Amino acid sequence: MIFEICCGNLQSALNAQEAGANRVELCSALSLGGLTPSYGFIEQARRRLKIDINVLIRPRQGDFLYESEEVAEMISDIQMCAKLGVNGVVIGALDPYGNVDMDSCRAMVAVAKHLGLSVTFHRAIDRSSNIFAALEDVISLDYVPIDLFAEETEDKKEEDAKA
C-alpha cells in the first residue's frame, strides 16, 4: 500500500517523509482545494526528498471546467514538472455537463506519459454528474490511481449512527 500525503509547503513534505510516507502530492492553497505549486517549491522538494513526488496540476480554484488556454497552461506545467524530476502529476477536467473532459484529459495524459510521468485523476471525479460513467472514462484514459474526496453526507452519517 502506498502512503501519500498532500503537502502545501516544504516543511510538511519533509515531515511526511520523516513520518514514513512513500509519496507526497505537492500543491499550494489547500484551503482553496489545492492549486499547482510554485516551481521553486517543486524544485526544493525534489532536491530534499528521497520519496516519490506527484504534483497537482490545477491552475485556479472553482470548477474543473477549463478553457483551451488553461489546458495549454496545464500542459506547460506538466512539462515543467518533468524537467524538475517529479514522478507524476495529478490532473482532471470536466465538461459543462459534469462529464470527464476527454479531449483535455487525453492531451494532458499524452504529454505526461510521453515525458515518463505517472498520472492520477484528482477529485474532479467527485464533482462529476455520474461518478460511475466518469470512472469508466478515467479508466479508458489509462490512469492508474484516482483521488477521491470521500465527503461524508448527512444521510451517510445517519445510516452509520443507526448501524
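Everything below is about the structure printed above this text.
Analysis parameters
- As a convention, each chain's residues are numbered from 1 in the sequence order in which they are written.
- It should be noted that, the model being predicted, local features are given only for residues of pLDDT at least 70 and side-chain atom pairs only at 80 or more, the latter also being counted only at that level, while totals for whole chains, interfaces and linings use all residues.
- The side-chain numbers reported here are obtained from all heavy atoms of the structure, hydrogens and water having been left aside.
- We count a stretch as a helix when DSSP gives it H or I for four or more residues in a row; a strand needs E for two or more, and each element gets its number in order from the N terminus.
- In this scheme, a residue with accessible area under 20% of its type's maximum is buried, one over 50% is exposed, and one in between is partly exposed, where area comes from a 1.4 Å probe on protein chains only.
- Contacts are assigned to residue pairs with any non-hydrogen atoms lying within 4.5 Å of each other.
- The term polar contact refers here to a pair of N or O atoms within 3.5 Å; inside protein, the definition further demands a hydrogen-donor-capable atom paired with an acceptor-capable atom, and it admits residues adjacent in sequence only when both atoms are side-chain atoms.
- Axis definition: a line fitted to C-alpha atoms, over the contacting stretch in the case of helices. Angles run 0 to 180 degrees between N-to-C directions.
- Every angle not falling under 35 degrees, over 145, or within 65 to 115 is termed oblique; those three ranges are roughly parallel, roughly antiparallel and roughly perpendicular.
- Crossings are classed by handedness, with left-handed meaning an anticlockwise turn of the near helix from the far one by less than a right angle and right-handed meaning a clockwise turn.
- Under this grouping Gly is polar, as are all residues other than the nonpolar Ala, Val, Leu, Ile, Met, Phe, Trp, Tyr, Cys and Pro and the charged Asp, Glu, Lys and Arg.

(A) Spotlight on the environment of threonine 36. Within the element layout of this structure, threonine 36 appears in the loop between strand 2 (23-26) and helix 2 (39-48). The class for threonine 36 is buried, based on a relative accessible area of 18%. Along the chain, threonine 36 and proline 59 lie 23 residues apart, while their C-alpha atoms are 6.0 Å from each other. With near-sequence residues (within four places) excluded, threonine 36 lies in contact with Ser28, Leu56, Ile57, Arg58, Pro59 and Asp77. A polar side-chain atom of threonine 36 sits 2.7 Å from the main-chain amide nitrogen of arginine 58.

(B) Main features of the packing of helix 1 (residues 10-18) against helix 2. The interhelical angle for the contact between helix 1 and helix 2, taken along N-to-C directions, is 25°, at an axis separation of 10 Å. Between helix 1 and helix 2, the angle is such that the two are roughly parallel. Classified by chirality, the crossing of helix 2 by helix 1 is right-handed. Judged by residue contacts, Leu10, Leu14 and Gln17 of helix 1 engage Phe41, Gln44, Ala45 and Arg48 from helix 2. For the contact of helix 1 with helix 2, the per-class residue count stands at 4 nonpolar, 2 polar and 1 charged.

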